[in-house]
There are 4 protein chains.
Amino acid sequence: MAGTREQAIFEAAIKLGALYHQFVGTPVSPETASSLETAIRESISLQPYVREVRIMIDRSQMEKNVFGYSELKGIMLTADVVTQVGTSCCHARLERRGDYPMMEIIRCYEEPGHPDH
Amino acid sequence: MAGTREQAIFEAAIKLGALYHQFVGTPVSPETASSLETAIRESISLQPYVREVRIMIDRSQMEKNVFGYSELKGIMLTADVVTQVGTSCCHARLERRGDYPMMEIIRCYEEPGHPDH
Amino acid sequence: MAGTREQAIFEAAIKLGALYHQFVGTPVSPETASSLETAIRESISLQPYVREVRIMIDRSQMEKNVFGYSELKGIMLTADVVTQVGTSCCHARLERRGDYPMMEIIRCYEEPGHPDH
Amino acid sequence: MAGTREQAIFEAAIKLGALYHQFVGTPVSPETASSLETAIRESISLQPYVREVRIMIDRSQMEKNVFGYSELKGIMLTADVVTQVGTSCCHARLERRGDYPMMEIIRCYEEPGHPDH
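The notes below deal with the structure included here. Since we're looking at a predicted model, the values are computed, not measured. Just so you know, the residues in each chain are numbered from 1, in the order the chain's sequence is written. Lettering of chains starts at A and numbering of ligands starts at 1, both following the order in which they are written. Per-residue local features are limited, in this predicted model, to residues with pLDDT of at least 70; the limit for side-chain atom pairs, both in listing and counting, is 80 or more; totals at the level of whole chains, interfaces and linings are taken over all residues. Only hydrogens and water are set aside; all other atoms, that is, all heavy atoms of the structure, feed into the side-chain values.

**Concerning the overall build of chain A**
- In DSSP terms, a helix is any run of H or I states spanning at least four residues, a strand is any run of E spanning at least two, and both are numbered starting from the N terminus. From N to C terminus, chain A includes two helices and six strands.
- Shown N-terminal to C-terminal, the secondary structure of chain A runs as helices and strands in the order α-β-α-β-β-β-β-β.
- Across its three principal axes, chain A shows a C-alpha extent of roughly 50 × 25 × 20 Å.
- For every residue, the accessible area (1.4 Å probe, protein chains only) is compared with the maximum for its type, and the residue is labelled buried under 20%, exposed over 50%, or partly exposed between those bounds. Within chain A, the fraction of its 117 residues that count as buried is 61%.
- What makes two residues a contact is simply this: any of their non-hydrogen atoms within 4.5 Å. Long-range contacts, defined as pairs at least 24 residues apart, comprise 57% of the intrachain contacts of chain A with a sequence gap of at least 6.

**Notes on the pattern of salt bridges**
- Criterion for a salt bridge: a side-chain nitrogen of Lys or Arg within 4 Å of a carboxyl oxygen of Asp or Glu. One pass over the structure, following the stated rule, counts 36 salt bridges over all chains.
- Note that Arg51 of chain A is salt-bridged to Glu111 of chain A, the shortest N-O span being 2.6 Å. Here Arg51 of chain A is found in strand E2 (residues 50-57), whereas its partner Glu111 of chain A is found in the segment after strand E6 (100-110), with 60 residues between them in sequence.
- With relative accessibility at 31%, the residue Arg51 of chain A sits in the partly exposed group.
- Overall, Glu111 of chain A belongs to the partly exposed group, its relative accessible area being 22%.
- The salt bridge involving Arg59 of chain D is made with Glu37 of chain D; its shortest N-O contact spans 2.5 Å. In this pair, Arg59 of chain D sits in the loop between strand E2 (50-57) and strand E3 (70-71) while Glu37 of chain D sits in helix H2 (residues 33-45), placing the two residues 22 residues apart along the sequence.

**Remarks on the interface of chain A and chain B**
- On the side of chain B, 22 residues touch chain A, which itself brings 22 residues to the contact.
- Put simply, buried area is how much 1.4 Å-probe accessible surface two parts lose in total, over both of them, once they are put together. Each partner contributes to the roughly 1,800 Å² buried at the junction of chain A and chain B, and carbon and sulfur atoms together form 66% of this total.
- By the criterion of area lost to chain B, the three top residues of chain A are Gln22, Pro27 and Leu46 of chain A, representing 30% of everything that side buries.
- Across the chain A-chain B interface, the total number found is zero salt bridges.
- Definition of a polar contact: a pair of N or O atoms within 3.5 Å, with one able to donate and the other able to accept a hydrogen when the atoms are protein atoms, and with sequence-neighbouring residues admitted only if both atoms are side-chain atoms. Summed over the shared surface of chain A and chain B, the number is seven residue pairs in polar contact (both at pLDDT 80 or more).
- Elements with a minimum of two residues in the side of chain A that touches chain B: helix H1 (4-23), strand E1 (27-28) and helix H2 (33-45) of chain A.
- Here the side of chain A that touches chain B gets six residues from one element, more than from any other, and that element is H2 of chain A.
- A class-by-class count of the residues in the side of chain A that touches chain B yields 11 nonpolar, nine polar and two charged. Asp, Glu, Lys and Arg are counted as charged, while Ala, Val, Leu, Ile, Met, Phe, Trp, Tyr, Cys and Pro are counted as nonpolar; the rest, among them Gly, fall into the polar class.

**Side note on the relation of the copies chain B and chain D**
- Copy-to-copy superposition: least squares on the C-alpha atoms, limited to residues that have pLDDT of at least 70 in both copies. Superposing chain B onto chain D takes a rotation of 180° combined with a translation of 0.0 Å along the rotation axis, leaving an RMSD of 0.0 Å. Taken together, the rotation and translation describe the operation of a two-fold axis. For chain B, the residue whose C-alpha comes nearest the rotation axis is Gly25 of chain B, separated from it by 3.4 Å.

**Thoughts on the interface of chain B and chain D**
- Contacts between chain B and chain D engage 12 residues on the former and 12 residues on the latter.
- Carbon and sulfur atoms supply 61% of the area buried between chain B and chain D, which totals about 920 Å² over both sides.
- There are zero salt bridges connecting chain B and chain D.
- Seen at the junction of chain B and chain D, the total is four residue pairs in polar contact (both at pLDDT 80 or more).
- Elements with a minimum of two residues in the side of chain B that touches chain D: helix H1 (4-23) and strand E6 (100-110) of chain B.

**What about the packing of aromatic side chains?**
- Put simply, two rings from Phe, Tyr or Trp (the six-membered ring, in Trp's case) pair if the centres are within 6.5 Å, and we call them stacked under 30 degrees between planes, edge-to-face over 60, tilted for the rest. The full count for this structure, using the stated rule, is 14 aromatic pairs over all chains.
- Grouped by ring-pair contacts, the aromatic residues Tyr49 of chain A, Phe67 and Tyr69 of chain B together with Tyr100 of chain D constitute a single cluster.
- In this structure, Arg107 of chain A packs its charged tip against the face of Tyr109 of chain A, placed 4.1 Å from the ring centre. Our definition puts a charge over a ring when NZ of Lys or CZ of Arg is within 6 Å of the ring centre and also within 35 degrees of the ring normal.

**Focus: the sheet that holds E6 of chain B**
- Strands pair, by our definition, only if DSSP identifies at least two bridges between them. Taken in spatial order, the four strands line up as E2-E4-E5-E6 (chain B) in an open sheet, and their pairing is antiparallel. The open sheet has two edge strands with one neighbour each: strand E2 (50-57) and E6 of chain B. The average angle at which neighbouring strand axes cross in this sheet is 10°, direction not considered.
- In this structure, strand E5 (residues 88-97) of chain B lies alongside E6 of chain B, joined through 10 bridges in antiparallel fashion. The residue bridging Glu95 of chain B from the neighbouring strand is Met102 of chain B, located in E6 of chain B.
- The angle between two axes is taken between their N-to-C directions and runs from 0 to 180 degrees, where each axis is a line fitted to C-alpha atoms and a helix contributes only its stretch in contact. Across the sheet, helix H2 (residues 33-45) of chain B lies against E2 and strand E4 (77-85) of chain B, angled at about 160° from E2 of chain B, the strand it touches most.
- The strands touched by helix H1 (residues 4-23) of chain C within the sheet are E5 and E6 of chain B, with E6 of chain B carrying the most contacts at an inclination of about 125°.

**What to know about the packing of H1 of chain A against helix H1 (residues 4-23) of chain D**
- At a closest axis distance of 6 Å, the pairing of H1 of chain A and H1 of chain D adopts a crossing angle of 35°. Helix-helix and strand crossings are classified by hand; for H1 of chain A and H1 of chain D the assignment is right-handed. Where H1 of chain A approaches H1 of chain D, its residues Arg5, Glu6, Ile9, Phe10, Ala13, Ile14, Leu16, Gly17, Ala18, His21 and Gln22 of chain A are matched on the opposing element by Arg5, Glu6, Ile9, Phe10, Ala13, Ile14, Leu16, Gly17, Ala18, His21 and Gln22 of chain D. Whether a crossing is left-handed or right-handed is set by the direction in which the near helix is turned from the far one by less than a right angle, anticlockwise for left-handed and clockwise for right-handed.

**Observations concerning the relation of the copies chain A and chain B**
- With an RMSD of 0.0 Å, the operation that places chain A on chain B is a rotation of 180° combined with a shift of 0.0 Å along the axis.
- In this assembly, 100% of the residues forming the interface of chain A have copies in chain B that are likewise at the interface, indicating an isologous arrangement.

**What about unusual backbone geometry?**
- Of note, the phi angle at Tyr49 of chain B is positive, near 70°, even though the residue is not glycine.
- For Tyr49 of chain B, the position within the fold is in the loop between H2 and E2.

**Some thoughts on the sheet that holds strand E4 (residues 77-85) of chain D**
Residues and elements named next belong to chain D.
- The strand order E2-E4-E5-E6 describes an open sheet built from four strands, whose pairing is antiparallel. Either end of the sheet is taken by a strand with one partner, and the two such strands are E2 and strand E6 (100-110). Recorded for the sheet is a direction-independent mean angle of 10° between the axes of neighbouring strands.

**Quick look at H1 of chain B**
All names here are of chain B.
- How far a helix is expected to stretch is found by multiplying one less than its residue total by 1.5 Å. Compared with the 28 Å implied by 1.5 Å per residue over 20 residues, the 29 Å span of H1 between its first and last C-alpha is a close match.
- With 17 of 20 residues buried, H1 is to be regarded as a mostly interior element.
- Residue Gly25 follows H1 closely and has a positive phi angle near 105°.

Scope: geometric values only; no functional claims are made or implied.
So, in structure tokens, the structure goes:
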């Protein structure tokens, strides 16, 4: 079956798909972006095999509607997720590429000194 | 058409429906519940006619799954929303009633000294 | 407390907020819009006090991304919800108004011959 | 960088994470489960590199609330997704395992006769 490297990739991708579809549509503004970033990071960090999550919401894309706020769009999000299965790690990223919120594997690596917990 | 009291009711209910379906399913634990409460409160506070939002997630209902976390269920949420349209205010609440996440109008009142902004 | 007319308004607004935040972000194309409309209509029809739901997703707003599909945005949605509490009915609508997905009370009326079930 | 097999794994996992967090919380009953299954399948089939999606919602887990319906929980869902990148295919599954909605790689294989589009 799948090795630990492949499982780390699998787990990282789940997290990107999950956070995207859980939070897109949330009302947001430059003033509230920070609390939303924190909530996304902390919630996704709970999921299996996650070592690190970094979330950045691009304030510059927030165009105010007639009531003065925006909604979280996928292309506003940059999300880095690092998963670890056994000693295999995967760093994956969600990042805007033109008008598409692209999800990609950034790097896979072994970390002997940091066993799975 | 609808008066300001009815519009305040209408607006309060939108917020309860919105927050429920935006955030149910989010991974949560007693350690992360606070950041999720903050994000829900701040995001819903951006929506039109909102004067106040209070969010409480019941930690005692969080049963750990095999990976040690829970997911936000509707019955974990207590949400109080106060809206104001003109001088009419509506206080509505989402709160567990048995196994159902009930949404209800708590009170409508006039607040002459607090004009709509 | 609130009368049946106000409760019908309250219930209609919950449904609009709910469907918006449940389904925004769903991948969609002109070919799949029909099945998404059906799923939204049937799911919201289950909620309390709903008499009728009509959902229309505007295909003309679907701009293909690099992979050939779109995502459901709030401004693509026209949703009509009719609720009934006792003999009081409320018809509310979500509809694009410029760049904002506006939710409004269309009409409230009494329907003596159609008691609450 | 990652090979096509790993990319197929990555893409399959995104879809499982996406569908889970997009649709969990949707009102559902045995009568409406079929339209929800169709909408999930068709929407996820639009995403990149998807060859096949099968969705099954377990009606037997639907306990009626006081208003006679249920909400979609993760453990009600069985989802099979097959992705293809180049000639590499990945079949992944979301399926209940006790009280946890487990996502797993079922099988990776090469399909020379079915090139990527």
